[in-house]
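Okay, here's what each chain looks like letter by letter:
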Amino acid sequence: MRHMTTSDKIAQGVNYLLLSLLAASCVLPFLYVISVSLTPISEFIKKDGLVIIPTHTTLTAYREIMQGGRLLDAYQVTLFRVIVGTLLNLVFTVITALPLSRKALPGRSPFLMFIVFTMLFNGGIIPSYLLVKNIGLLDSEWSLIIPGLINAFYLMIVKSFFEQLPEAIDEAARIDGAGEISILVRIVIPLSVPIIATIGLFYAVWHWNSYFDALLYISSPENQPVQLFLRQILLASVAISGDAAEAANSVNPISVQMASVAITTLPILVVYPFIQKHFTRGVLLGSVKG
């Protein structure tokens, strides 16, 4: 390693400073969310909401969210949607992207034009609602999965990744007697783990955070996902009392909001580090060429 000059040390120091500021800009908001969710309303009012590390902590906001046991039911619906929905999304995206990546596919260009068209235009909310209603999916967990089974943008990313795989591998497998399913399972998928993990994360985060489709299609409380349940909790939260003495025994709606953010964010933060190594590589290798 060569000796660092004074300019190199200054540049390195500036880089460390900028990276530290960037890290702080990402960490401090989440620290604020956790702190406010644990802060009593009296202290919150006393400090005008500027709480980084609370003097006293309380779990009142979390108890408010978890009372009645409905949160666990909502989590079951959301986990079903995330797990089953993401698996189906990946299956249908992969089996659609693979033939579209083959230039010898008859009618390939019209198919691609049709897919790109859906990225620019859609039928709208009312036609989508009528479609879900007419096929009998209203107030069903499947109404949160089937309408968004394939994302056109993710499909194009996976297709671009498959196009980068050497065609000689497919030809060698066919010479050995392998069929299309065998090539997909034994060759394509093992070589495509980075892009599959990346797109799987995109699909999972979308399923986890989405609530608007549940707002349209779900009416029964037992079929509501976490996001819709927490939305109702926020709308029903009480207003902050102006009297600190009365506020000490009430629930801080801001704390309830922050607790809701923490509950919905922590699972994604826990899962992300395990697939981070695939994430960057998958995005770069699967990027759409111009």
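Now for a description of the structure that goes with this document. (Residues numbered from 1 in each chain as written. Predicted model: local features only at pLDDT ≥ 70, side-chain atom pairs only at ≥ 80, totals over all residues. Heavy atoms only, no water.)

**Quick word on the overall build of the protein**
Item 1. Within the protein, the regular secondary structure consists of 14 helices and zero strands.
Item 2. Secondary structure elements of the protein occur, N-terminal to C-terminal, as α-α-α-α-α-α-α-α-α-α-α-α-α-α.
Item 3. Taken over 290 residues, the protein has a buried fraction of 36%.
Item 4. For the protein, long-range pairs separated by at least 24 residues make up 74% of all intrachain contacts whose partners lie at least 6 apart in sequence.
Item 5. For the protein, the accessible surface area stands at approximately 17,300 Å², while carbon and sulfur atoms represent 68% of it. (Helix = DSSP H or I, 4+ residues; strand = E, 2+ residues; numbered from the N terminus. Buried < 20%, exposed > 50% of the residue type's maximum accessible area, 1.4 Å probe, protein only. Contact = heavy atoms within 4.5 Å. Areas by Shrake-Rupley, 256 points an atom, 1.4 Å probe, with all protein chains shown as cover.)

**Quick look at the pattern of salt bridges**
Item 1. Taken as a whole, this structure holds three salt bridges when the rule is applied.
Item 2. For the salt bridge of Asp-213 with Arg-81, the shortest nitrogen-to-oxygen distance reads 2.5 Å. One end of the pair, Asp-213, is in helix α11 (residues 212-217); the other, Arg-81, is in helix α4 (residues 70-100), with 132 residues separating them in the sequence. Exposure class is identical for Asp-213 and Arg-81. Each is buried.
Item 3. Measuring nitrogen to oxygen at the nearest pair gives 2.5 Å for the salt bridge that ties Glu-163 to Arg-108. Of this pair, Glu-163 sits in helix α7 (residues 152-163) while Arg-108 sits in helix α5 (residues 108-120), placing them 55 residues apart in sequence.
Item 4. Classification of Glu-163 as partly exposed rests on a relative accessible area of 34%. (Salt bridge = Lys/Arg side-chain N within 4 Å of Asp/Glu carboxyl O.)

**Looking at a nonpolar patch on the surface**
Item 1. Residues Ile-125, Ile-126, Tyr-129, Leu-130, Tyr-211, Phe-212 and Leu-215 make up a contiguous nonpolar surface patch of roughly 640 Å² in combined accessible area.
Item 2. Elements supplying a minimum of two residues to the nonpolar patch: α6 (125-134) and α11.
Item 3. Sort the elements by how many residues they give to the nonpolar patch and α6 lands first, with four residues.
Item 4. Of note, Tyr-211 is situated in the loop between α10 (193-209) and α11. (Patch = residues over 30% accessible without salt bridge, like charges linked within 9 Å, V, L, I, M, F, W, Y side chains within 5 Å.)

**Section: the environment of Val-91**
Item 1. Note on placement: Val-91 falls in helix α4.
Item 2. C-alpha separation for the pair Val-91 and Leu-149, spaced 58 residues apart in sequence, amounts to 9.4 Å.

**Notes on the nonpolar core**
Item 1. Grouped together as the largest cluster of nonpolar side chains are 24 residues, with contacts concentrated most on Ile-115, Val-158, Phe-162, Val-188, Ile-195 and Ile-199.
Item 2. Only α4, α5, α7, α9 (180-191) and α10 provide two or more residues apiece to this core.
Item 3. The leading source of residues in this core is α7, at eight residues.
Item 4. When residues no more than four places from it in sequence are discounted, the contact partners of Ile-115 are Leu-100, Ala-152, Leu-155 and Met-156.
Item 5. Counting 21 residues, the second largest nonpolar core, distinct from the first, contains Val-33, Ile-65, Val-82 and Ala-262. (Core = buried A, V, L, I, M, F, W, Y, C linked by side-chain atoms within 4.5 Å.)

**Side note on the packing of α4 against α10**
Item 1. Running from amino to carboxyl end, α4 crosses α10 at an angle of 145°, the nearest separation of the two axes being 9 Å. As α4 packs across α10, the resulting crossing turns out to be right-handed. For the pair α4 and α10, contact is made by Tyr-75, Thr-78, Leu-79, Arg-81, Val-82, Gly-85, Thr-86, Asn-89, Leu-90, Thr-93 and Val-94 and by Ile-196, Ile-199, Gly-200, Tyr-203, Ala-204, Trp-206, His-207 and Trp-208, respectively.
Item 2. Residues of the contact of α4 with α10, tallied by class, amount to 11 nonpolar, seven polar and one charged. (Axes fitted to C-alpha atoms, helices over the stretch in contact; angles between N-to-C directions. Left-handed = near helix turned anticlockwise from the far one by under 90°. Nonpolar A, V, L, I, M, F, W, Y, C, P; charged D, E, K, R; others polar.)

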